[in-house]
Amino acid sequence: MSARYRGWMPTRLLRDDAIQPTEYRRWAEAEKRFARRERDARILADLLATVPREGLRVPVLLGVSDLDHRVYVSDGHHRAVALRTLRAPRFPFEWCWLRAYSVETGREPFPYHLLGLPGPATA
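Definitions and cut-offs
- Residues numbered from 1 in each chain as written.
- Predicted model: local features only at pLDDT ≥ 70, side-chain atom pairs only at ≥ 80, totals over all residues.
- Heavy atoms only, no water.
- Helix = DSSP H or I, 4+ residues; strand = E, 2+ residues; numbered from the N terminus.
- Buried < 20%, exposed > 50% of the residue type's maximum accessible area, 1.4 Å probe, protein only.
- Contact = heavy atoms within 4.5 Å.
- Areas by Shrake-Rupley, 256 points an atom, 1.4 Å probe, with all protein chains shown as cover.
- Phe/Tyr/Trp six-rings, centres within 6.5 Å; stacked < 30°, edge-to-face > 60°.
- Salt bridge = Lys/Arg side-chain N within 4 Å of Asp/Glu carboxyl O.

### Focus: the overall build of the chain
Here comes step 1: A count of helical and extended segments in the chain gives three helices and six strands.
Here comes step 2: Mapped from its N terminus to its C terminus, the chain presents α and β elements in the order β-β-α-α-β-β-α-β-β.
Here comes step 3: In terms of overall dimensions, the chain has a C-alpha envelope of 40 × 30 × 30 Å along the principal axes.
Here comes step 4: For the chain, the proportion of its 123 residues judged to be buried stands at 43%.
Here comes step 5: Restricting the contact set of the chain to residue pairs at least 6 apart, pairs at least 24 apart contribute 70%.
Here comes step 6: Summed over its atoms, the accessible surface of the chain is roughly 7,400 Å², and 49% of this surface lies on carbon and sulfur atoms.

Below, the structure is given as structure tokens:
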């Protein structure tokens, strides 16, 4: 069995019309909630302090819907907000298919064409 696919994605794609949050309708809603809630604010503050020094320890998990081929942050909303805030040029990711009744780990290259990107060599 092959390993999980890991790649790099431009952080500029973490926006409402490209890589969307799953738990929130818009990225601004996630940012407001994280600022309001003490636990979320602590997590975000830690990421804002450590990511510039150490990079992202855990990749963001992107999910691709098999129904409409939209791309979502499946796991890593705090990391994504920190990356957006820091204006990081790119971020590491892994991906999965979001199927109707299951989640399937992405082992083949991410379908970059869904985001209008040519592929991993230039993403």
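Next comes the rest of the description.
### Observations regarding helix 3 (residues 77-86)
Here comes step 1: With respect to burial, helix 3 is a largely interior element, seven of its ten residues being buried.
Here comes step 2: Buried residues of helix 3: His77, His78, Arg79, Ala80, Val81, Ala82 and Leu83, and no others.
Here comes step 3: Where helix 3 is buried, its residues contact strand 2 (19-21), helix 1 (27-36), helix 2 (38-54), strand 3 (60-65), strand 4 (71-75) and strand 5 (90-98).
Here comes step 4: Arg87 occupies a position one or two residues after helix 3 and carries a positive phi of about 55°.

### Notes on the packing of aromatic side chains
Aromatic ring pairs are reported here in terms of the distance separating the ring centres and the angle at which the planes meet.
Here comes step 1: Under the definition given, this model contains seven aromatic pairs.
Here comes step 2: Aromatic side chains Trp95 and Phe110 sit 5.6 Å apart centroid to centroid with 85° between the ring planes, which places their arrangement in the edge-to-face category. Of the two residues, Trp95 sits in strand 5 while Phe110 sits in the segment after strand 6 (103-105), which places them 15 residues apart along the sequence. Both residues of the pair, Trp95 and Phe110, count as buried.
Here comes step 3: Ring geometry for Phe110 against Tyr112: centres 5.2 Å apart, planes inclined by 80°, an arrangement best described as edge-to-face. With respect to class, Phe110 is no different from Tyr112; both count as buried.

### Structural notes on the pattern of salt bridges
Here comes step 1: For the structure shown, the criterion picks out 16 salt bridges.
Here comes step 2: Salt-bridge contacts for Asp40 lead to Arg37; the nearest nitrogen and oxygen are separated by 3.7 Å.
Here comes step 3: Ionic contacts of the salt-bridge type, sharing partners, join the residues Arg33, Arg37, Arg39 and Asp40 into one network.

### Topic: unusual backbone geometry
Here comes step 1: Phi at His69 takes a positive value of approximately 60°, unusual for a residue other than glycine.
Here comes step 2: If you trace the backbone, His69 turns up in the loop between strand 3 and strand 4.
Here comes step 3: The partly exposed category is assigned to His69, whose relative accessible area is 39%.
Here comes step 4: Unusually for a residue other than glycine, Arg87 sits at a positive phi of about 55°.

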